[in-house]
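# Fold and contact review
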Amino acid sequence: MRSGLRSSFWFALTTSARALVVARPLGGASASSRSAVGGVRGLAASATEYSLADQVARFARAKEEKNQRYLDMDSVYDGSGFKGKRVLVTGGNRGLGLATVKQLVADGAEVVVVGRKSSDELEALGPSVTVITGVDMCDDAAIAALPERVGAPIDIVINNAGYFPGSAEGETLQDMNFDEQLKQIDVCAVGPLRISSALYNAGKVSKDGGKIIIVTSQAGSVDWRFTQCPEGGNYGHHMSRAACNIGGVLLALELKKAGVPVVLLHPGFNRTEMTAKYSHIWDIEGAVESSVGAKRVLYESLRATMEQTAKFINCEDGLEIPW
Ligand SMILES: NC(=O)c1ccc[n+]([C@@H]2O[C@H](COP(=O)([O-])OP(=O)(O)OC[C@H]3O[C@@H](n4cnc5c(N)ncnc54)[C@H](OP(=O)(O)O)[C@@H]3O)[C@@H](O)[C@H]2O)c1
């Protein structure tokens, strides 16, 4: 059971581990205090309704409810709001980022892709895509020079680039890699702040409805560690996303008076290179093709307004994730 728990991205839970969820009140009402149909027992109707920490139960509930949005995003997605918009995507050369760029092109957006390198698939997307290479998310100088290279202001900045090294077994007390922990924090937490501040300070976030999206992960929820990592582990990954989340909230608060929403999105479980080490649980935990994950992220990006600012949202069901 020990290695089974460790081998899951967010840990497919055994029945006994699931039972532990009930007792965990940290960070407000636990997911388990809500009924299967989303009612909240013992709380005012206005209390936040959170997504479920247990990914297997979450997927099962979506099937039980025939949740169209969760199970068939293709049938719900309408990307017409992106037509004519300028959207910047970091890490758009592969994985979820590439799928996001492809979808934005299909929706009629003008896309600026920022990253270390391009890819054949990205280059094949045609003239509505501008690819800016040589930009590592940890490279202060390259990012300081980015606004000059971007051209006109951006309507939606999508901070998508991320880094999650290591094996399916994950990092443990016995094999901590401090350099990798710091690198993950640098890429996943400081990276979005570098990109967003450089663009905003240079006037490259549109003053007419511009918004900032940060693709983070449910891995950054402290509350959900008790359910998803009952034995701890994977320090760098989880710490980097918790740091990312607090950075995103502070940015959202600072940009409130400017009317720029900053929304943190968990993109759901996607079948990409990053999660290939967990391919054995892709089906059990409802992992989707990156084309579906991209639509989920873009669906929430269109919904991102000042009402949503500083929220941490699960793109699978649109519900908030507790910090
Ligand atoms: N896949 C999932 O199920 C899942 C779940 C939760 C959250 N996420 C988040 O979603 C985002 C996309 O994930 P993915 O699955 O598409 O990952 P992926 O397949 O590993 O792609 C990662 C992307 O980030 C870029 N990147 C990594 N380190 C970088 C750096 N130092 N500087 C610039 N770019 C860098 C990569 O570019 P290079 O080609 O240059 O390496 C690549 O474009 C990530 O932020 C990830 O944490 C994914």
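Up top is the structure.
Everything quoted here is computed from the prediction, not taken from an experiment. (Residues numbered from 1 in each chain as written. Predicted model: local features only at pLDDT ≥ 70, side-chain atom pairs only at ≥ 80, totals over all residues. Heavy atoms only, no water.)

## Some thoughts on the packing of helix α6 (residues 95-106) against helix α13 (residues 290-303)
- Following both chains from N to C, one finds α6 and α13 inclined at 70°, their axes separated by 8 Å at the closest point. As judged from the angle between their axes, α6 and α13 are roughly perpendicular. Here α6 and α13 pass one another in a crossing that is right-handed. The residues of α13 that touch α6, namely those facing Gly-95, Leu-96, Ala-99, Thr-100, Gln-103 and Leu-104, are Ser-290, Ser-291, Gly-293, Ala-294, Lys-295, Val-297 and Leu-298.
- Considered class by class, the residues forming the contact of α6 with α13 number six nonpolar, six polar and one charged. (Axes fitted to C-alpha atoms, helices over the stretch in contact; angles between N-to-C directions. Helix = DSSP H or I, 4+ residues; strand = E, 2+ residues; numbered from the N terminus. Parallel < 35°, antiparallel > 145°, perpendicular 65-115°, else oblique. Left-handed = near helix turned anticlockwise from the far one by under 90°. Contact = heavy atoms within 4.5 Å. Nonpolar A, V, L, I, M, F, W, Y, C, P; charged D, E, K, R; others polar.)

## Considering the site of the ligand
- Close to the ligand lie 29 residues; Asn-93, Arg-116, Asn-160, Arg-241 and Thr-272 are nearest.
- Here Met-137 contributes a backbone N or O atom positioned 2.9 Å from a nitrogen atom of the ligand.
- Between the ligand and the protein, one listed contact pairs an oxygen atom with a backbone N or O atom of Asn-160 at 2.7 Å.
- Alone, the ligand offers 880 Å² of accessible surface; in the complex the protein occludes 96% of this.
- Considered class by class, the residues forming the shell around the ligand number 11 nonpolar, 12 polar and six charged. (Near = heavy atom within 4 Å. Polar contact = N/O pair within 3.5 Å; in protein donor to acceptor, adjacent residues only side chain to side chain. Areas by Shrake-Rupley, 256 points an atom, 1.4 Å probe, with all protein chains shown as cover.)

## Focus: the side chain of Thr-309
- Along the chain, the position of Thr-309 falls in the loop between α13 and β7 (312-314).
- The residues contacting Thr-309, other than those within four sequence positions of it, are Ala-252, Lys-256, Val-260, Pro-261, Val-262 and Val-263.

## Side note on the pairing of strand β5 (residues 211-215)
- With respect to burial, β5 is a largely interior element, five of its five residues being buried.
- Burial of the side chains of β5 extends over both faces: Lys-211, Ile-213 and Val-215 are buried on one face and Ile-212 and Ile-214 on the other.
- Read as a crossover between parallel neighbours, the route from strand β4 (residues 156-159) over helix α10 (residues 178-201) to β5 is right-handed.
- As paired strands, β5 and strand β6 (residues 262-266) are joined by four bridges and run parallel to one another. The residue bridging Ile-214 from the neighbouring strand is Leu-264, located in β6. (Buried < 20%, exposed > 50% of the residue type's maximum accessible area, 1.4 Å probe, protein only. Right-handed = clockwise from strand over helix to strand, strands pointing away. Pairing = 2+ DSSP bridges.)

## Structural notes on the environment of Tyr-299
- Turning to its location among the elements, Tyr-299 is positioned in helix α13.
- A sequence separation of 19 residues divides Tyr-299 from Gly-318, and the C-alpha atoms of the two residues are 9.3 Å apart.
- If we ignore the near neighbours within four places in the chain, the residues touching Tyr-299 are Arg-69, Met-73, Val-76 and Tyr-77.

## Some points on the state of the cysteines
- Applying the stated criterion across every chain, the model contains zero disulfides.
- With no disulfide of its own, Cys-188 lies closest to Cys-244 among cysteine sulfurs, the gap being 7.1 Å.
- The buried category is assigned to Cys-188, whose relative accessible area is 2%.
- Owing to a relative accessible area of 1%, Cys-244 belongs among the buried residues under this scheme. (Disulfide = S-S within 2.5 Å.)

## Describing the packing of aromatic side chains
- Scanning the model with the defined rule gives three aromatic pairs in all.
- Look at Phe-59 and Tyr-70: their rings are 6.4 Å apart centre to centre, the planes differ by 25°, and that puts the pair in the stacked class. With Phe-59 in helix α3 (residues 55-64) and Tyr-70 in helix α4 (residues 68-71), this residue pair connects regions lying 11 residues apart in the sequence.
- Here Phe-59 falls in the buried class, since its relative accessible area comes to 15%.
- A relative accessible area of 4% places Tyr-70 in the buried class.
- It is Lys-183 that lies over the ring of Tyr-163; its NZ or CZ is 4.3 Å from the centre.
- Directly above the ring of Phe-164 sits Lys-277, whose terminal nitrogen or CZ lies 3.8 Å from the centroid. (Phe/Tyr/Trp six-rings, centres within 6.5 Å; stacked < 30°, edge-to-face > 60°. Lys NZ or Arg CZ within 6 Å of the ring centre and 35° of its normal.)

## Brief notes about unusual backbone geometry
- In this structure, Asn-234 takes a positive phi of about 50° despite not being glycine.
- Tracing the backbone through its elements, the reader meets Asn-234 in the loop between α11 (222-228) and α12 (235-254).
- Located in the positive-phi region is Ala-310, a residue other than glycine, with phi close to 70°.
- By secondary structure assignment, the location of Ala-310 is in the loop between α13 and β7.
- A relative accessible area of 18% means that Ala-310 is categorised as buried.

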